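# Reading the structure
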Amino acid sequence: AIVSSCAACAMDVRWCPQFNRAFVVSRFPPLTMSKQRRGGKSKPKSGGPTKISSKGFGAALHARRKGSNAGVLLSQPSYEALRVWLESEGANLKRVGIADFNGLRGVMATQEIAVRDEIISIPASCAVDLGTQGADPLPVAIALLDILRADDGRRAPYWDVVPPPDSPDLCTPDFFSEKELQMLQWPPLVREVRHRSTQLRSVLGAKAPTGDTPVEEMAVAGGRLRQLRWAVWLLLFCGLSL
């Protein structure tokens, strides 16, 4: 059965109960690696793309032709460890590789892909089960933190490529200081950020940092709040499904 479909990518995610795993299959004619046009080099677009740091993903930016949208395969040890672990669990990753696309991490085809070819296959046992708790990210974020604390190291290669709580990628307004929020000069956004912060503090209850929190306990209390805010950010901005 098709459990998810992407029109833009021409791919279906199909669940196979018999093998207890999900498969990504192509719906378009064969894909090939892009080739240079005959008669010379491609003319780059004016004012090439702005490069955005991907430090938090462990991916260094790679030099590439100005204006090119082609991905560059990443060869960091953390990505190789992730591939080795997934393949040891039975994943099929032979047609793809993790690549950098102008500062954004993604998956790139490394060979031709024909119609109905299996692009990626990953066993369900590799998934992090966050349950079915609805659209509210807070209960799911708490579940994610509980799973991370209880992890026995089996999924370490996966956690190692997830942006950590101190990653520079955590640059949304939820992580702004009060002074930085005021510099946005957009009251609706400021109110929304403050509302989410209030929700996080209500979940932590007495463990949330306040003006009355003793200095010796502030680091621990602040760490709890940052971890919960980080987990919500992972769910909302890094593609983890609720």
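Residues numbered from 1 in each chain as written. Predicted model: local features only at pLDDT ≥ 70, side-chain atom pairs only at ≥ 80, totals over all residues. Heavy atoms only, no water.

Quick look at the overall build of the chain now. When you go through the chain residue by residue, the secondary structure sums to six helices and seven strands. Ordered by position from N to C terminus, the α and β elements of the chain give β-β-β-β-α-β-β-β-α-α-α-α-α. By sequence separation, contacts in the chain at least 24 residues apart represent 57% of the contacts at least 6 residues apart. Total accessible area on the chain is roughly 15,300 Å²; 57% of this is exposed by carbon and sulfur atoms. (Helix = DSSP H or I, 4+ residues; strand = E, 2+ residues; numbered from the N terminus. Contact = heavy atoms within 4.5 Å. Areas by Shrake-Rupley, 256 points an atom, 1.4 Å probe, with all protein chains shown as cover.)

Moving on: the sheet that holds strand β6 (residues 104-109). Strand order in this open sheet of three strands is β4-β5-β6, and the pairing throughout is antiparallel. The sheet terminates laterally at β4 (72-73) and β6, the two strands that pair on one side only. As paired elements, strand β5 (residues 96-101) and β6 share six bridges and run antiparallel to each other. Bridging from a neighbouring strand, F101 pairs with L104 of β6. (Pairing = 2+ DSSP bridges.)

Let us now look at the pattern of salt bridges. One pass over the full model with this rule turns up seven salt bridges. Notably, a salt bridge pairs R149 with D146, separated by 3.1 Å at the nearest N-O pair. Note that R149 and D146 are positioned in helix α2 (residues 137-150) at a spacing of three residues, about one turn of the helix. Take R149: its relative accessible area is 56%, and that puts it in the exposed class. Accessibility expressed as a relative area gives 43% for D146, which makes it partly exposed. For R194, the salt bridge identified is with E178, shortest N-O distance 2.2 Å. Separated by 16 residues along the polypeptide, R194 in helix α5 (residues 187-204) and E178 in helix α4 (residues 178-184) bring together distant segments of the chain. The exposure class assigned to R194 is partly exposed, which follows from its relative accessible area of 39%. The partly exposed category is assigned to E178, whose relative accessible area is 41%. (Salt bridge = Lys/Arg side-chain N within 4 Å of Asp/Glu carboxyl O. Buried < 20%, exposed > 50% of the residue type's maximum accessible area, 1.4 Å probe, protein only.)

Taken as a whole, the chain shows an average pLDDT of 74; of its residues, 63% reach a score of 70 or greater. The weakest mean pLDDT in the chain belongs to strand β1 (residues 2-6) at 40; the strongest belongs to helix α1 (residues 77-88) at 94. Segment residues 1-10: pLDDT under 50, and 22 contacts once partners within four positions in sequence are set aside and those in other chains are kept. The low-confidence segment residues 25-67, where pLDDT is below 50, has 91 contacts with residues more than four positions distant or belonging to other chains. (pLDDT = per-residue confidence, 0-100.)

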